[in-house]
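Given next are the chains, with one letter for each unit.
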Amino acid sequence: MPEQSALTVLFPVRDENVVPLRQLLNAVGQNITKEREVLMEKVHKLLPPAPARAKERCFIEFHKLTTVHFLRWVLLEAATDAEGRRIGATLAFATDYDGPLHAHVDELIGVAGAALEAVFSFCDPAPAPGGLKSYLLDAQRPYEAFYRGHPGRSVQQIWGASNQSEEELRKVLGKELDTLPHPVTAEDTVTRVRRSAGQSGWRSASTAGEPQKKPQLNSKLLWVIAGAILAFILFAPMWLVGCVAASTVVLILLLVLVIGLWGTALNRLDGSDRTRERELLNRQGPPPDVDGSKDPYVSDRSRKRLMIVTDLENRRGLIQNQMTHVVNIKPGKLRLRTLRFILWAVNLLGSRIFVEGKLGNIPTIHFARWVLIDDDRRLLFFSNYDFSWESYLGDFIDLASDGLTGIWCNTTFFPQTRVPAWTVIPRAIRLLLPQSQTGSQSAKRLFEQGARREQEFKKWTRDHQVPTQVWYSAYPLLSVVNVNNNTEIARGLFTTHTGAALGTWLRKL
Amino acid sequence: MGLSATPEVEFHDIQGLVQRGYKELPAAEFVLLTVTDALHARTWLSKLADRIEPATAPGHDKRDRASALHLALTYQGLQTLSVGKETLDQFPLAFREGMATVHRERLLGDRGASNAANWRWGSAPCQPNADAEGLCETDRKLHLMLLIYAKDAPTLSHIKKSVLDELDTSGLHRITALDTVFLAGPECDPTGNPNGPKEHFGFRDGIAQPHIAGMPSREDGHAVPGNIIPTGEILLGYANTYGELPEGPTDANGQGFGRNGTFLVFRQLHQDVVGFWNYVARQATEKRCSAVELAAKMVGRWPDGTPLVESPEGPQASLQTHDGFVYAGHPKHPDPHGFHCPVGSHIRRTNPRDVLNDDPRQSLELSNQHRIVRRGRSYGTPLVEDMDPAKLMKIPDDQAERGLHFICLNAAIDRQFEFIQNLWANNPKFGGLYDDPDPLIGVLDGEKATFTVQKEPARCTYSDMPRFVQMRGGAYFFLPGIAAIRKLAGLKG
């Protein structure tokens, strides 16, 4: 099973190189699709024309990349950190790829070497002749958290040029379905679609990769644990039972105490952070125009940045969108530690629990990653998601606001958040309980503020979005739900279904 | 802030259109105006303000209403009438930008013949170009819309005369007037009258409406659990579904210019009735099924309005306006997979109720965050007088202009109207589908749209579905509270 991974590479860019680099990146982006060309021309009107020399070197045959799910180049312009220090311009290059890493980088250089060299020549340092591979590998940045919406599936399996991709299989089966006589039995339907798959070269289920299954606590193991506990209580001497019980109580109390103190400290910090932000706003003044960024730390506070970002969305020819989001981390060690801890937890949940294509109950995220940059002074977020920004943000707020608030309340100008310091544990327990009998979903939340301040949170998100100059998707017309459904079709094709399972499989076609 | 979930609603200040669609006033016209002289226009406004029909408190509804008058303004209209910059800046971006921008054209699917470049009104004059986006801008000259409702044609023309006669001396100029038609039949409703209103494809329209908390009304949606939305989902100045005040010119207590106002989305949608029934009849012949049944599957209701999930076998007169149903949790015909009412049908995707995801209760809550109050009216002569599908299917194309003046009210255009159009109607991936936009109002990116009917043992697909609805013009308006209109009339330029 191929391992999907995230490659993030960052290089500083000297001030004098920012403008030509931006032009070059826009030109690279132009060549992804014709639609892109029309679009980028409009973006270009806002910028000085790119030199002809650069244009020749910016053409990448993206369709030849077999290891790349998504790819982007983003120029992060110079900005200011939360303590007022300047952060120089940075070029970020990121891929969601099928491992191993070396083969992926070799392919990148093989297909797009000239363009990569042209782009990175604006960086500091520039790659040495012939040294592109080590140049890229050495500049890798680790992520704090990485989420995959369809883990274990390679690009070739999902889409691919070959007729062996799962999307092609679905189409073959669909064509067969369209020719079926009516009425027809379920068994005949399966026989017919199997035969058509066989004629197209699908031999057995082995061609289809097994997606990761949610690790289930199997019931046998639960019985063993329960038995062991019972045996312990029955046969161990009473003083030992008492000891274990007492130490459990002490442990829980300690946990409550630690979380409570931690939350209280964060709440106190929040007050001073807010005062500092207010003072800064008073000093720097409001944004230059009504849709500009409220955050004075942002490199470009004007409405123009927002317009470039929105004009890059909902392109024709794909149903997906991307987001690049950069924001300062609030000063102080406690903030950074909290952020690191929560991202660690998100990463753990993302790779161990939410492996069926749904983060929370959100089935629209292909890949997302969080990276700490600039010596842990800023948080960089990349996401490749289905459908519109409005729906993406809405899903986040409605279904995953705790995660969002937990992460981004540690960054500047985030909507006001109070950590329920002493009630975190009861709230978390209520969250984990099965559907409560009464009350709405809203009763099951850790934070009542933060991202739940819907309008303010959406505005804050827009305030910190950065235009993604180059963005490529390998399967622009497939949603996460499509990809996962296709895998289930492929997996079930040669399985012997009985009863209800047969109907369930046929419904996926 | 202490925002209440069921607040005291200020009926006297709210335009009555928020509360009712005036089914008893079947004659209607929408007049688009531009302000040529703000000073005179304000005098005209101050007189008009007294004639605007307010909403009514429970038990105080008029029995003998013969007409109703309403006023909505564009952002440019508010600007022209000298509303201060501070107030204007508080309006949400969607309203300020208007409907004709690159970003919104893509969200709404206004491409090709539907592109703003080809609109009859609502976009600034520009070079017609079928394919390019963002060439046109919102028409800066479109300022006001007068919505006139009357019990019959003579009353309508009488009111029009009284309001519009001295238009040119009132600092106003008429851009265009959009007429309407009331369609009904062929069957009767339970009271014995022809069943309506219908839209031009021949289906009963405007049935599902949310119930606005604190605002009961005979015509409004039923106040049943699962159909009640917070007041602030529609009206500015009240708490919305997140317990916050909607974005707009109100202060922290919900007071100010925006209070009791709402955003009115207007889209003139041309309907290709012959194209629709030709496609349906052709597909039905090919697949040897009933054309009316296929069309009903596309809509989600039988032509008379009966929901498919309630009565999969055929229409039932008693269920014509029935709306209190869910899909997955239906007591008699549970339909989680769309065997009765297809997943991609128009009514199931524009209000997914309990089937947005696999958690019915969460689904209902999430669906209700994207509700709109619909106030649309049809226009143009019907292809067949009595709206009988059997006749609609057979008649040759008369190339006439007919369709729907789609009108909806919401407090957050981007989270409500635009979301429904973009994510639910236009999205070919809705409900786990692949290439299926809304069969009535959806727009697919590529050429190949399909419609899928879920059934046992396997789904049936109807392919090469063309687009049956095209945009002819549209704009985002603000339907202010009545006090706000008086304030506008008194502003100094």
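Anything mentioned here points back to the structure above.
These lines cover the structure that appears in this document, whether it is placed above or below. Since the structure is predicted, the reported quantities are computational estimates derived from the model, not experimental observations.

Per the secondary structure count, chain B includes 13 helices and 13 strands. Here the C-alpha radius of gyration of chain B, 22 Å, is about what a compact globule of 493 residues would show, namely 23 Å. Projected onto its principal axes, the C-alpha coordinates of chain B cover approximately 70 × 50 × 45 Å. Burial analysis of chain B (493 residues in total) assigns 56% to the buried set. The long-range share in chain B, meaning contacts at least 24 apart out of those at least 6 apart in sequence, stands at 66%.

This part is about the interface of chain A and chain B. With 38 residues of chain A in contact, the opposing surface of chain B contributes 32 residues. Those elements that provide at least two residues to the side of chain A that touches chain B are α7 (166-178), α8 (186-199), α11 (303-311), α13 (389-408), α15 (454-463), α16 (480-492) and α17 (500-507) of chain A. Sort the elements by how many residues they give to the side of chain A that touches chain B and α13(A) lands first, with 4 residues. For the side of chain A that touches chain B, the residue count by class is 9 nonpolar, 16 polar and 13 charged.

Glancing now at the environment of N260(B). All names here are of chain B. Inspection of the secondary structure puts N260 in the loop between β6 (228-229) and β7 (262-271). Considered as a pair, N260 and V9 are 251 residues apart in the sequence and their alpha carbons are 8.5 Å apart. When neighbours within four sequence positions are excluded, N260 is seen to be in contact with E10, D13, I14, L235, G237 and G481.

A few words now on the sheet that holds strand β9 (residues 378-386) of chain A. Residue and element names in this part refer to chain A. Spatial strand order, β6-β8-β9-β7: 4 strands in an open sheet with antiparallel pairing. One side of each edge strand has no neighbouring strand; the edge strands of this open sheet are β6 (145-148) and β7 (320-328). For this sheet, the mean inter-axis angle between neighbouring strands, taken without regard to orientation, is 10°.

Here the focus is the environment of D96(A). Residues and elements named next belong to chain A. With respect to the secondary-structure elements, D96 resides in strand β5 (residues 90-98). Taking the C-beta count within 10 Å as the criterion, D96 has 26 such neighbours and is therefore assigned buried. Separated by 288 residues in the primary sequence, D96 and N384 have C-alpha atoms spaced 9.5 Å apart. Discounting chain neighbours no more than four positions away, the residues touching D96 are Q4, A6, H69, F70, F367 and N384.

Here we take up the sheet that holds strand β1 (residues 4-12) of chain A. Residues and elements named next belong to chain A. Spatial ordering of the open sheet is given by β1-β5-β2-β10, a layout of 4 strands whose pairing is antiparallel. Looking at strand neighbours, the two that pair on one side only are β1 and β10 (470-473), the edges of this open sheet. Direction aside, neighbouring strands of the sheet carry axes that sit 10° apart on average. Two strands pair when backbone bridges link them, and strand β2 (residues 68-76) and β10 are joined in this way by 4 bridges, in the antiparallel orientation. Paired with R72 across the two strands is W471, which belongs to β10. Across the sheet, helix α1 (residues 15-30) lies against β2, β5 and β10, angled at about 155° from β2, the strand it touches most. Lying on the sheet, helix α4 (residues 101-120) is in contact with β1, β2 and β5; it crosses β1 at an angle near 30°.

Within the largest apolar cluster, 228 residues are counted, with the highest numbers of intra-cluster contacts made by M145(B), I148(B) and F477(B). Residue contributions to this core reach at least three from each of two domains, namely domain 1 (4-152 + 262-473) and domain 2 (165-201 + 479-507) of chain A. In this view, F477(B) contacts A72(B), L73(B), T74(B), M145(B), L264(B) and F266(B); residues no more than four positions away in its chain are not counted.

Analysis parameters
- The written sequence of each chain sets the order in which its residues are numbered from 1.
- A letter from A marks each chain and a number from 1 marks each ligand, given out in the order of writing.
- Selection of residues for local features in this predicted model requires a pLDDT of at least 70, selection of side-chain atom pairs for listing and counting requires 80 or more, and totals for whole chains, interfaces and linings are taken over all residues.
- Elements are defined by DSSP. Helices are runs of H or I of four residues or more, strands are runs of E of two residues or more, and each kind is numbered from the N terminus.
- To get the radius of gyration, use the C-alpha atoms; to get the globule rule, take the number of residues to the power 0.38 and multiply by 2.2 Å.
- Residues with at least 20 other C-beta atoms within 10 Å of their own are called buried, those with 12 or fewer are called exposed, and the rest are partly exposed. The C-beta atoms themselves are positioned from the backbone.
- Here, residue contact means that the backbone-derived C-beta atoms of the two residues sit within 7 Å.
- For this classification, Asp, Glu, Lys and Arg are treated as charged, while Ala, Val, Leu, Ile, Met, Phe, Trp, Tyr, Cys and Pro are nonpolar and the rest, including Gly, are polar.
- One requirement defines pairing of two strands: DSSP has to find at least two bridges between them.
- Axis definition: a line fitted to C-alpha atoms, over the contacting stretch in the case of helices. Angles run 0 to 180 degrees between N-to-C directions.
- Connectivity within a nonpolar core runs through C-beta atoms within 7 Å, and the core itself is a set of buried Ala, Val, Leu, Ile, Met, Phe, Trp, Tyr and Cys residues.
- For each domain, the first and last residues come from an automatic or database assignment.

The analysis is restricted to geometry; functional conclusions fall outside its scope.
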